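Structural overview
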Amino acid sequence: MEQKGAQAAAKLRGMPTRLLTQVAVLADRAVERALADTGSRRHHFALLATLAEFGPASQAELGRRTGIDRSDIVGALNDLAGRGFVDRAPDPEDRRRNIVTITEPGDSHLADLDGKLRAAQQELLGALSEGERDQLVGLLSRVLDDHAGR
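Residues numbered from 1 in each chain as written. Predicted model: local features only at pLDDT ≥ 70, side-chain atom pairs only at ≥ 80, totals over all residues. Heavy atoms only, no water.

Under an unreviewed UniProt entry, the name given to the protein chain is MarR family transcriptional regulator, and the organism recorded is Nocardia coubleae.

1. Thoughts on the overall build of the protein chain
Counting secondary structure elements, the protein chain contains 7 helices and 3 strands. Put simply, the protein chain has 150 residues, and 24% of those count as buried. By sequence separation, contacts in the protein chain at least 24 residues apart represent 49% of the contacts at least 6 residues apart. Of the accessible surface of the protein chain, which amounts to about 10,000 Å², a share of 54% is contributed by carbon and sulfur atoms. Where the 21 positive side-chain charges of the protein chain centre and where its 23 negative ones centre are 7 Å apart. (Helix = DSSP H or I, 4+ residues; strand = E, 2+ residues; numbered from the N terminus. Buried < 20%, exposed > 50% of the residue type's maximum accessible area, 1.4 Å probe, protein only. Contact = heavy atoms within 4.5 Å. Areas by Shrake-Rupley, 256 points an atom, 1.4 Å probe, with all protein chains shown as cover. Lys, Arg positive; Asp, Glu negative; His and termini not counted. Charge placed at Lys NZ, Arg CZ, Asp CG, Glu CD.)

2. With respect to the side chain of Ser40
With respect to the helices and strands, Ser40 occurs in the loop between helix H2 (16-35) and helix H3 (42-54). Relative accessible area serves as the criterion here: at 0%, Ser40 is assigned to the buried category. A polar contact of 3.1 Å, which involves the side chain of Ser40, links it to the side chain of Arg83. Other than its neighbours up to four places away in sequence, Ser40 contacts Leu35, Arg83, His109 and Leu113. (Polar contact = N/O pair within 3.5 Å; in protein donor to acceptor, adjacent residues only side chain to side chain.)

3. Topic: the sheet that holds strand E2 (residues 86-91)
Strand order in the open sheet made by the 3 strands is E1-E3-E2, with antiparallel pairing throughout. The sheet terminates laterally at strand E1 (57-58) and E2, the two strands that pair on one side only. Alignment of E2 against strand E3 (residues 94-102), held across 6 bridges, turns out to be antiparallel. Across the sheet, Asp91 pairs through a bridge with Asp94, a residue of E3. (Pairing = 2+ DSSP bridges.)

4. Topic: the nonpolar core
Formed by 22 residues in total, the largest nonpolar core has its most connected members in Leu47, Leu48, Leu51, Leu62, Leu77, Leu80 and Val86. Those elements giving two or more residues to this core turn out to be H2, H3, helix H5 (70-82), E3 and helix H6 (104-125). Apart from residues lying up to four places away in sequence, Leu77 is in contact with Leu47, Gln59, Leu62, Val86, Arg88 and Val100. (Core = buried A, V, L, I, M, F, W, Y, C linked by side-chain atoms within 4.5 Å.)

5. Some details on H3
The end-to-end C-alpha distance of H3, which contains 13 residues, comes to 18 Å, matching closely the 18 Å that a straight helix rising 1.5 Å per residue would cover. Within H3, the full set of buried residues consists of His44, Leu47, Leu48, Thr50 and Leu51. Seen along its axis, H3 keeps its buried residues to an arc of 160°; they face one direction. Its buried side turned inward, H3 meets E1, helix H4 (59-66), H5, E2, E3 and H6. Positive backbone phi, approximately 85°, marks Gly55, located one or two places after H3. (Expected span 1.5 Å × (residues − 1). Arc of directions from axis to C-beta.)

6. Things to note about the pairing of E3
Note: E1 against E3, 2 bridges, orientation antiparallel. The residue of E3 that forms the bridge with Ala57 is Val100. Taking the residues between adjacent antiparallel strands as the criterion, E2 and E3 are bridged by 2 residues.

7. A few points about the packing of H3 against H4
Contact geometry for H3 and H4: axes closest at 10 Å, N-to-C directions at 105°. Between H3 and H4, the crossing angle belongs to the class labelled roughly perpendicular. Each of Ala46, Leu47, Thr50, Leu51 and Phe54 in H3 lies in contact with H4, whose residues at this interface are Leu62, Arg65 and Thr66. (Axes fitted to C-alpha atoms, helices over the stretch in contact; angles between N-to-C directions. Parallel < 35°, antiparallel > 145°, perpendicular 65-115°, else oblique.)

The following block contains the structure:
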């Protein structure tokens, strides 16, 4: 059974690794609930968001930008293409690779997912003010960036 907040020993409440793990479980649950009726998962959102922000990209580029494993990208892109949310076409400069582009229905689907995930953020972080949320994002980003360079 999970120990909550003040019920846990002080040593446990003071361990960022433990707290991050417990919050990650809550975050996963919130995201799963938010996406449950969309037919999409977090990889789908990450790929669509990346294509919308950076434009057409190869599968390898999408993997680098999202941190999604190459084998998982193929399955997620197959699903997105099958639903008409992305197009894949051979790269004119290198016919061995595909260039992936988000479609208009993909943009609409991304907007729907974005709204649902904003609600999940609110559910998860409701105890924090907007400034505290920004601070949390900044701190977590610094930790990730520090480890990305290793």
